[in-house]
Amino acid sequence: MLAELMVAENIAFYLIAVMMVGAALRVVTTKNIVHAALYLVLVLSGVAALYILLAAEFIAITQVLVYIGAIVVLFLFGIMLTRAPVGELEDSDNEQRIVGVSIAVLLGGVMCFVLWKAYRFTDASQFDFSGPNVVQTTNQVANSVFSTYLVPFEAISVLLLAALIGAVVLARRD
Amino acid sequence: MYLNQFLMLAAAIFCIGVYGVLVRRNGIMVLMSVELILNAVNINLVAFGAFRHDITGQVFALFVIAIAAAEVGVGLALVMMLYRNSRSIDVDDIDLMKG
């Protein structure tokens, strides 16, 4: 039986993937810190687009709201409050570039090899768009969070409270 | 769309984040690379959840997003304190405890 080709989804995936990898490379190589924050916005919106491709609607919206809407704004505030220089920094990388590249390439090679061996590109591992419950709705997420994963949810709330208090105490001008 | 496509993309972004953490000198750029790593993990979780039709992947990714937000808040507060004390956020200059 021939599996579906899913042309549109594959084209969308590869376009988003190329954009994300390019933007991620620019995040770690650019000398301008504000540009790095803006390339990070590209990566984060690419991740949200991938979530939409996977029919995970709630987390796509949460990603845009929390990551792009709050965390990147926090980064920009931090850049502003630490008086980052306008334009390029001369010394944005330390001397370990070659070691860093070799470690990253080695790690990537090992991970991709393991993934190739485990989850090959066979028809059995294609995304199944034909079932009735392909979209994972907010309803399901809420049912899961508030019944099965209630204790981690409460723990995350306490963690966020502790982080908030900690950040305020640390940043006070006393 | 194969599962491996998403996993390999997440592995690539993870490795780019690892390179960023190792090489960058500015504290805020290191935090941005950590955000890349966390997003790669999230892609993995949501991809597995979608392909196995299990909602747990999304729930776990939600928790990771919440933890990342808390970590960025505290991390930036630390960077600001560093800046206040020494006027520089170069992580190579934090060597007060060096022998």
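Residues numbered from 1 in each chain as written. Chains lettered and ligands numbered in written order. Predicted model: local features only at pLDDT ≥ 70, side-chain atom pairs only at ≥ 80, totals over all residues.

Participant: Tell me what's going on with the overall build of chain A, and back it up with residues and numbers.
Facilitator: From N to C terminus, chain A includes six helices and zero strands. Its helices and strands taken in sequence order, chain A reads α-α-α-α-α-α from the N to the C terminus. For 174 residues, the compact-globule formula gives about 16 Å, and the C-alpha radius of gyration of chain A, at 21 Å, lies well above that figure. In terms of principal-axis extent, the alpha carbons of chain A reach across some 65 × 45 × 25 Å. The long-range share in chain A, meaning contacts at least 24 apart out of those at least 6 apart in sequence, stands at 58%. (Helix = DSSP H or I, 4+ residues; strand = E, 2+ residues; numbered from the N terminus. Rg over C-alpha atoms; globule rule 2.2 N^0.38 Å. Contact = placed C-beta atoms within 7 Å.)

Participant: Explain the overall build of chain B residue by residue, including any values.
Facilitator: The secondary structure content of chain B amounts to three helices and zero strands. Written out in order from the N terminus, the α and β elements of chain B read α-α-α. In terms of C-alpha radius of gyration, chain B reaches 17 Å, well past the compact-globule figure of 13 Å for 99 residues. Principal axes of the C-alpha set define a box for chain B whose edges measure 50 × 25 × 20 Å. Per-residue burial for chain B yields a buried fraction of 57% across its 99 residues. (Buried ≥ 20, exposed ≤ 12 C-beta atoms within 10 Å, placed from the backbone.)

Participant: Explain the interface of chain A and chain B residue by residue, including any values.
Facilitator: With 76 residues of chain A at the contact, the number on the chain B side is 61 residues. Mapped by element, the contributors of at least two residues to the side of chain A that touches chain B are α1 (7–29), α2 (33–53), α3 (57–81), α4 (97–118), α5 (138–148) and α6 (150–170) of chain A. No other element matches α3 of chain A, which puts 13 residues into the side of chain A that touches chain B. For the side of chain A that touches chain B, a count of residues per class yields 54 nonpolar, 17 polar and five charged. (Nonpolar A, V, L, I, M, F, W, Y, C, P; charged D, E, K, R; others polar.)

Participant: Can you explain the domain arrangement of chain A? Please cite residues and give values.
Facilitator: Here chain A is partitioned into domain 1 (7–86) and domain 2 (137–174). Using only C-alpha atoms to locate each centre, domain 1 of chain A and domain 2 of chain A end up separated by 23 Å. (Domains from an automatic or database assignment.)

Participant: Run through the nonpolar core, naming residues and quoting values.
Facilitator: With 73 residues, the main nonpolar core has Val 27 and Val 43 of chain A together with Ile 13, Met 32 and Val 46 of chain B as its most contacted residues. Among the secondary structure elements, those contributing two or more residues to this core are α1, α2, α3 and α6 of chain A together with α1 (3–23), α2 (27–51) and α3 (56–86) of chain B. If one sorts the elements of this core by residue count, α1 of chain B sits on top with 14 residues. Both domains that meet at this core, namely domain 1 (7–86) and domain 2 (137–174) of chain A, each give it at least three residues. Not counting residues up to four positions away in its chain, the partners in contact with Val 46 of chain B are Tyr 51, Leu 54, Ala 56 and Ile 59 of chain A together with Gly 57, Gln 58 and Ala 61 of chain B. (Core = buried A, V, L, I, M, F, W, Y, C linked by C-beta atoms within 7 Å.)

Participant: Can you lay out α2 of chain A for me, pointing to particular residues and giving the numbers?
Facilitator: With 21 residues, α2 of chain A extends 30 Å between its outermost C-alpha atoms, agreeing within 8% with the 30 Å of an ideal straight helix rising 1.5 Å per residue. Those residues of α2 of chain A not exposed but buried are Ile 33, Ala 36, Ala 37, Tyr 39, Leu 40, Val 43, Leu 44, Gly 46, Val 47, Ala 48, Leu 50 and Tyr 51 of chain A. In this structure, the buried residues of α2 of chain A make contact with α1 and α3 of chain A together with α2 of chain B. Directly after α2 of chain A, the chain includes Ala 55 of chain A, whose backbone phi takes a positive value near 60 degrees. (Expected span 1.5 Å × (residues − 1).)

Participant: Let's hear about the environment of Val 28 of chain A: which residues, and what values?
Facilitator: Structurally, the position occupied by Val 28 of chain A is in helix α1. Since 25 C-beta atoms lie within 10 Å of it, Val 28 of chain A is described here as buried. Those residues in contact with Val 28 of chain A, other than ones at most four positions away along the chain, are Ile 16, Tyr 19, Gly 20, Val 23, Arg 24 and Ser 33 of chain B.

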